[in-house]
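Residue-level structural notes
Chain by chain, the residues:
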Amino acid sequence: MGACQTATLKHAPRYPRLAALGHGLQHHRKAIQIIQWTVVGFYAVLLLVPAWLPLPGHQAHILSNLTVFAAFVFWGIWWPFVLVSMVLFGRLWCGVFCPEGSLSEAASRVGLGRPIPRWMRWKGWPFVAFLGTTLYGQMASVYQYPTGALVVLGGSTVAAVAVGLVYGKGKRVWCRHLCPVNGVFALLAKLAPLHYHTDKAAWEDFNRRARQGEAVRHAAPDCAPLIPLKQLDSTSDCHMCSRCSGYKDAIQLQARKPGSELITPSRDRPASAWEFALLIFGLLGIAIGAFHWTASPWFVQLKQLSAVWLVNHGWLWPLETTAPWWILTNYPAQNDVFNLLDGALLIGYIFATGLVMATLLSLALALANRILGAWSWARLWHLSYALLPLGGLGVFLGLSTITVTLLRGDGLRMLWVNDARAALLIATSAWCLSLGWKILGQYAMGLRRLLALGGVVLAIGVVLLAWWLMFWGW
Ligand code: SF4
């Protein structure tokens, strides 16, 4: 047996079939590219054509009207199930299907190839971009109107191509640093049971064999999101494109326990205040507020009280002034116009929900943190990971309200939907509890661990209360 084979066997993958699947994908690059460009074409048609068609009437159906069909595909299927795919397969969506990533990378191959500037590397972009897109999406009623979708999704695509044309050489600089959903995808992918993993011992062993002439060095894989391949032990940035599969006999597609990366986070990814803010204030706060306001009787009351107060004080302009449709929803023919008061209250309500949720969740987690011992910021950040499954489920449930509304508009009664929501919330809470228990186990055992679990239970309760209000309480 040759030295090379010996070394390969010594570092044989734990899941050979998965490793073979990764290698197979790598060898079918052409097929992946065909998929990517097919998705780009499909995306372009669904985004551009409805924006130039007349708005559908109330009787329009998913299968009889392209605009309703596009809304159903984008918001009812595409986005909710992209989120599900993150939890199941990591960021496979990004590497194989995402039209924006494909376009940005293609643009970068023919672009100026400039180095990534410092401002772009700022760690706060995922948080700011997620907040900005969520708020703007609500202001422009992105789920209801194709022109709103064109501005939000199309604007993001144009920016992705522009960044590709200027920065990086055949890379996905946009995806790595500026994509509005990069932060959320990076979080959710941590839950995935699949990942490309570098066996560092096999890596070193390959280098040693290469120095001795027993192994042949190949060019480094073209990793579009610019990941240092030797440290590949997190799914957060990896787009699962499989280009590095088998590199140095050390990188393989492997299986792991779902959520295991949350229990023992990668050492190369220290506690991050931006990540904490994105999860607690963004995903579990602002995102919930963005779904809540349309169902909230408190929002209606607030609007009425504010309008009465303004009229009594002779300030009529906030009630009369409207902004263009690309700033605030403005479709008079549809009887759907936001005045300045509507816009201000909408932003205020979503922000207030974010603040209330973030405060309550931080307090509950801080309680658990304190029970475990002296105050530790890194531990608080780590504990927040226990809530990640509920954060992902919340956005899925929120977006699926669009799926349900459109399907009901088509005559499906779907009486089982609230039972399914309850079942999903219960199952996901159990997952959060189990994750919380395992994370706490990294810091304490026995009674202290059990008491600290109380803080995690409180936090889960806060999130459940928010969804109970939306689907049952109001
Ligand atoms: S590390 Fe890079 S090259 Fe490897 S699968 Fe992930 S994105 Fe692709």
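Note that the structure is a prediction, hence the values are computed from the model and not measured.

Concerning the overall build of the protein
Regarding its fold elements, the protein presents 20 helices and 4 strands. A compact globule built from 474 residues should have a C-alpha radius of gyration of about 23 Å, and the protein, at 24 Å, falls within 12% of that. With the principal axes as the frame, the protein shows a C-alpha extent of 90 × 60 × 45 Å. Looking at the protein as a whole, 53% of its 474 residues qualify as buried. Here the contacts in the protein between residues at least 6 apart in sequence split such that 80% fall between residues at least 24 apart. Carbon together with sulfur atoms contributes 69% to the accessible area of the protein, which is approximately 22,000 Å² in total.

Some thoughts on the domain arrangement of the protein
Quoted interface sizes are often the accessible area lost when the parts come together. Annotation of the protein at the domain level lists domain 1 (1-269) and domain 2 (274-473). Centre-to-centre, using C-alpha coordinates, domain 1 lies 26 Å away from domain 2. Note on domain 1 versus domain 2: buried area summed over both sides is about 4,200 Å², and carbon and sulfur give 77% of it. Across the contact surface, domain 1 and domain 2 share 1 salt bridge.

Considering the site of the ligand
As a structural note, the neighbourhood of the ligand is formed by Y196, C223, P225, I227, L229, L232, C238, H239, M240, C241, S242 and C244. Tallied by class, the residues present in the shell around the ligand amount to 10 nonpolar, 2 polar and no charged.

A look at the nonpolar core
In terms of nonpolar packing, the biggest core is built from 96 residues, with W75, W78, I280 and L361 touching the most fellow members. Lining this core are residues from two domains, each supplying at least three of them: domain 1 (1-269) and domain 2 (274-473). If sequence neighbours within four positions are ignored, W78 has contacts with V39, F42, Y43, V73, W93 and P99.

Some remarks on the pairing of strand 1 (residues 194-198)
Burial within strand 1 is extensive, with 4 of its 5 residues counted as buried. Pairing analysis gives 5 bridges linking strand 1 to strand 2 (residues 251-255), with the strands arranged antiparallel. Among the inter-strand pairings, L194 is bridged to a residue of strand 2, identified as A255.

So, the packing of helix 6 (residues 99-110) against helix 8 (residues 146-166)
The description of two packed helices rests on the angle between their axes and on the distance between the axes. At a minimum axis distance of 7 Å, the contact between helix 6 and helix 8 shows a crossing angle of 25°. The orientation of helix 6 relative to helix 8 falls into the category roughly parallel. When the axes of helix 6 and helix 8 are compared, the crossing they make is right-handed. Residue-level inspection shows E100, L103, S104, A107, S108 and V110 of helix 6 in contact with helix 8, the latter providing L153, S156, T157, A160, V161, G164 and L165. Counted by class, the contact of helix 6 with helix 8 contains 7 nonpolar, 5 polar and 1 charged residues.

Some details on the pattern of salt bridges
If you walk through the whole model with that rule in mind, you get 15 salt bridges. Put simply, R256 and E261 hold a salt bridge, and the shortest N to O gap is 2.9 Å. The two residues R256 and E261 agree in class, both being buried. Its salt-bridge partner being D342, residue K303 comes within 3.4 Å of it at the nearest N-O pair. One end of the pair, K303, is in helix 14 (residues 297-312); the other, D342, is in helix 16 (residues 340-372), and 39 residues separate them in sequence. For K303, a relative accessible area of 32% translates into the label partly exposed. Linked through salt bridges whose partners overlap, the residues forming this network are E105, R109, K171, R172, D222 and R243.

Observations concerning a nonpolar patch on the surface
A cluster of nonpolar side chains, V45, L48, V49, W52, L53 and L66, forms an exposed patch at the surface whose accessible area comes to about 540 Å². Here the nonpolar patch gets 4 residues from one element, more than from any other, and that element is helix 3 (residues 29-52). Tracing the backbone shows L66 in helix 4 (residues 66-89). In this structure L66 comes out as partly exposed when scored by relative accessible area, which is 33%.

Some details on unusual backbone geometry
Phi angles above zero are rare outside glycine, and M240 is one such case at about 55°. Tracing the sequence through the fold places M240 in the loop between helix 11 (200-211) and strand 2.

A look at the packing of helix 16 against helix 20 (residues 446-473)
Taken N-terminus to C-terminus, the directions of helix 16 and helix 20 make an angle of 170°; their axes are 7 Å apart at the nearest point. Regarding the angle of helix 16 to helix 20, the classification is roughly antiparallel. Each of M357, L360, L361, A364, L365, L367, A368, I371 and L372 in helix 16 lies in contact with helix 20, whose residues at this interface are R448, L451, A452, G455, V456, L458, A459, V462, V463 and A466. Its residues placed into classes, the contact of helix 16 with helix 20 shows 17 nonpolar, 1 polar and 1 charged.

Some thoughts on the environment of R109
Tracing the backbone through its elements, the reader meets R109 in helix 6. Linking R109 and K171, residues 62 residues apart in sequence, is a C-alpha distance of 7.5 Å.

Some words on helix 6
Given a rise of 1.5 Å per residue, 12 residues ought to cover 16 Å, and the 17 Å separating the end C-alpha atoms of helix 6 matches this to within 8%. In terms of residue burial, helix 6 counts as a mostly covered element, since 9 of its 12 residues are buried. Buried within helix 6 are the following residues: P99, E100, G101, S102, L103, S104, E105, A107 and S108. Next to the buried residues of helix 6 lie helix 3, helix 4, helix 5 (92-97), helix 8 and helix 9 (173-177).

Here we look at the confidence of the model for the protein
Averaged over the protein, the pLDDT score is 92; the fraction of residues at 70 or greater is 98%. Predicted confidence for residues 1-9 stays below pLDDT 50, and this span has 10 contacts to residues more than four positions away or in other chains.

Describing helix 4
Where helix 4 bends most, the angle comes to about 30°, and this point is W78, followed within four residues by the proline P80. The opening residue of helix 4 is N65, an N-cap whose side-chain oxygen sits 2.8 Å from the backbone nitrogen of T67. Looking one or two places after helix 4, you find G90, whose phi comes out positive at around 65°.

Rules and cut-offs
Residues numbered from 1 in each chain as written. Predicted model: local features only at pLDDT ≥ 70, side-chain atom pairs only at ≥ 80, totals over all residues. Heavy atoms only, no water. Helix = DSSP H or I, 4+ residues; strand = E, 2+ residues; numbered from the N terminus. Rg over C-alpha atoms; globule rule 2.2 N^0.38 Å. Buried < 20%, exposed > 50% of the residue type's maximum accessible area, 1.4 Å probe, protein only. Contact = heavy atoms within 4.5 Å. Areas by Shrake-Rupley, 256 points an atom, 1.4 Å probe, with all protein chains shown as cover. Domains from an automatic or database assignment. Buried area = accessible area lost by both parts, 1.4 Å probe. Salt bridge = Lys/Arg side-chain N within 4 Å of Asp/Glu carboxyl O. Near = heavy atom within 4 Å. Nonpolar A, V, L, I, M, F, W, Y, C, P; charged D, E, K, R; others polar. Core = buried A, V, L, I, M, F, W, Y, C linked by side-chain atoms within 4.5 Å. Pairing = 2+ DSSP bridges. Axes fitted to C-alpha atoms, helices over the stretch in contact; angles between N-to-C directions. Parallel < 35°, antiparallel > 145°, perpendicular 65-115°, else oblique. Left-handed = near helix turned anticlockwise from the far one by under 90°. Patch = residues over 30% accessible without salt bridge, like charges linked within 9 Å, V, L, I, M, F, W, Y side chains within 5 Å. Expected span 1.5 Å × (residues − 1). pLDDT = per-residue confidence, 0-100. Bend = angle between axes of the 7 residues up to and from the residue. Polar contact = N/O pair within 3.5 Å; in protein donor to acceptor, adjacent residues only side chain to side chain.

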